[in-house]
2 protein chains.
Amino acid sequence: MYRLYDFLPSGNGYKIRLLLNALDLSYDLIEVDILKGESRTEEFLKLNANGRIPLLQLENGECLAESNAILIYLAENTPLLPEDRLDKARVLQWLFFEQYNHEPNIAVVRFWMTHGGPTEEQKAQLSAKMAGGYAALDVMEKRLTDQNWLVSDTFTVADIALYAYTHVAHEGGFDLEDYPAIRNWMERIVKRDRHVLITDH
Amino acid sequence: MYRLYDFLPSGNGYKIRLLLNALDLSYDLIEVDILKGESRTEEFLKLNANGRIPLLQLENGECLAESNAILIYLAENTPLLPEDRLDKARVLQWLFFEQYNHEPNIAVVRFWMTHGGPTEEQKAQLSAKMAGGYAALDVMEKRLTDQNWLVSDTFTVADIALYAYTHVAHEGGFDLEDYPAIRNWMERIVKRDRHVLITDH
């Protein structure tokens, strides 16, 4: 059985939990409290030298890090990852967009706001982070105005990856009022079979 | 023929040029001066709504963005991308690590330092960025102490992706003196056939 090292408030971890549930794959959840430094212990660093969750341990003991790499690994040969070479690359395009343009703005501001911030140092970066987050949402809105799902006409792991922090963006102060296509897309995702809520498991 | 929209000083673009050359694929280079806003024109935004280079245009006119997604697309079915499911996911693990932990620190500081910075605002973030960059280099050093290439015993696009900004890290003030495994790895890369220098093409 898979073993998932995870911190429940993490949207990056949430992606994996959503996908495991969507694929009906069972797993052991090992909670790692990153706020208490549990992802930087000598023991954990042996599993992931980068000291981060989520981390997926396979049955043979091998470990795989980086949430979006784990998504691709698990989705391979399922309907959630297209077989077509260009469509598959488009899934990756969205996953890299998520880690570079979306998460460092939207997830980071949310983390600040839900963990006693913003501090003075964070305040100095706040307007740039908010602008970056809205710019990422603009790109998504544009795409989702034209089609139901990010990559093509079917739901893929790209939708799971972008949903994770978009659906909690309001916790960082992002207002989705002007993003109707994103709001409709999130409603479509919630209505899917085997959609699991962040507090589940 | 492929068409590559690129800005020559970009390490993200350099990755693609290295790979195209390694695979002996010819392409038209369309230079886009991001400093003059050429990646944010109405015309360019039609090709990439996210307004960034590098951008690969296929023969049929379709465009693919995100440097690391382009690497995977081009490397598919070549020796530079393993076929094994876990090894392929490990390539992705390094590519996501590159975009989240390496590039936002090492490439961003390099950009500041080579473009008239650091400004007062950049100075406030500098120590965190330097620490983040060295932490990324630590993870690479650890891996490359045990083996010749990042993913396994063969050279992959993960090595190309991480090489791009590591080999110019010194331009941002990063000192690789204490990273002998990384320095040896870079020497191995430079000695490979069809390795192209950043100023080439």
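Since this is a predicted model, take the numbers as computed values, not measurements. (Residues numbered from 1 in each chain as written. Chains lettered and ligands numbered in written order. Predicted model: local features only at pLDDT ≥ 70, side-chain atom pairs only at ≥ 80, totals over all residues. Heavy atoms only, no water.)

Colleague: Tell me about the overall build of chain A, residues and numbers included.
Modeller: When helices and strands are tallied, chain A shows seven helices and four strands. Helices and strands in chain A line up, N terminus first, as β-α-β-α-β-β-α-α-α-α-α. For a compact globule of 201 residues, the expected C-alpha radius of gyration is about 17 Å, and chain A comes in at 17 Å, within 12% of that figure. Principal axes of the C-alpha set define a box for chain A whose edges measure 45 × 45 × 30 Å. Residues classed as buried in chain A amount to 56% of the 201 residues present. For chain A, the share of sequence-separated contacts (at least 6 apart) that also reach a separation of at least 24 residues comes to 68%. By element, 47% of the accessible surface of chain A is carried by carbon and sulfur atoms, the whole surface being about 9000 Å². (Helix = DSSP H or I, 4+ residues; strand = E, 2+ residues; numbered from the N terminus. Rg over C-alpha atoms; globule rule 2.2 N^0.38 Å. Buried < 20%, exposed > 50% of the residue type's maximum accessible area, 1.4 Å probe, protein only. Contact = heavy atoms within 4.5 Å. Areas by Shrake-Rupley, 256 points an atom, 1.4 Å probe, with all protein chains shown as cover.)

Colleague: A description of helix H6 (residues 157-166) of chain B should follow, citing residues and the corresponding values.
Modeller: Residue and element names in this part refer to chain B. Counting buried positions over the 10 residues of H6 gives 10, a clear majority of the element. Those residues of H6 lying buried are Val157, Ala158, Asp159, Ile160, Ala161, Leu162, Tyr163, Ala164, Tyr165 and Thr166. Looking at the buried positions of H6, the neighbouring elements they touch are helix H1 (11-22), helix H3 (67-75), helix H4 (85-114), helix H5 (120-146) and helix H7 (180-190). For H6, the N-terminal capping position is held by Thr156, with its side-chain oxygen 3.1 Å away from the main-chain nitrogen of Ala158. (Polar contact = N/O pair within 3.5 Å; in protein donor to acceptor, adjacent residues only side chain to side chain.)

Colleague: Any details on the interface of chain A and chain B? Residues and values, ideally.
Modeller: If you look at the interface, chain A gives 37 residues, while chain B gives 37 residues. Surface buried jointly by chain A and chain B totals about 3400 Å² across both partners, of which 59% is contributed by carbon and sulfur atoms. The largest share of the area that chain A buries against chain B comes from Arg85, Phe96 and Tyr100 of chain A, three residues that together contribute 22% of it. At the boundary of chain A and chain B, one finds four salt bridges. If you look at where chain A meets chain B, you find 12 residue pairs in polar contact (both at pLDDT 80 or more). Top element by residues in the side of chain A that touches chain B is helix H4 (residues 85-114) of chain A. It accounts for 15 residues. (Buried area = accessible area lost by both parts, 1.4 Å probe. Salt bridge = Lys/Arg side-chain N within 4 Å of Asp/Glu carboxyl O.)

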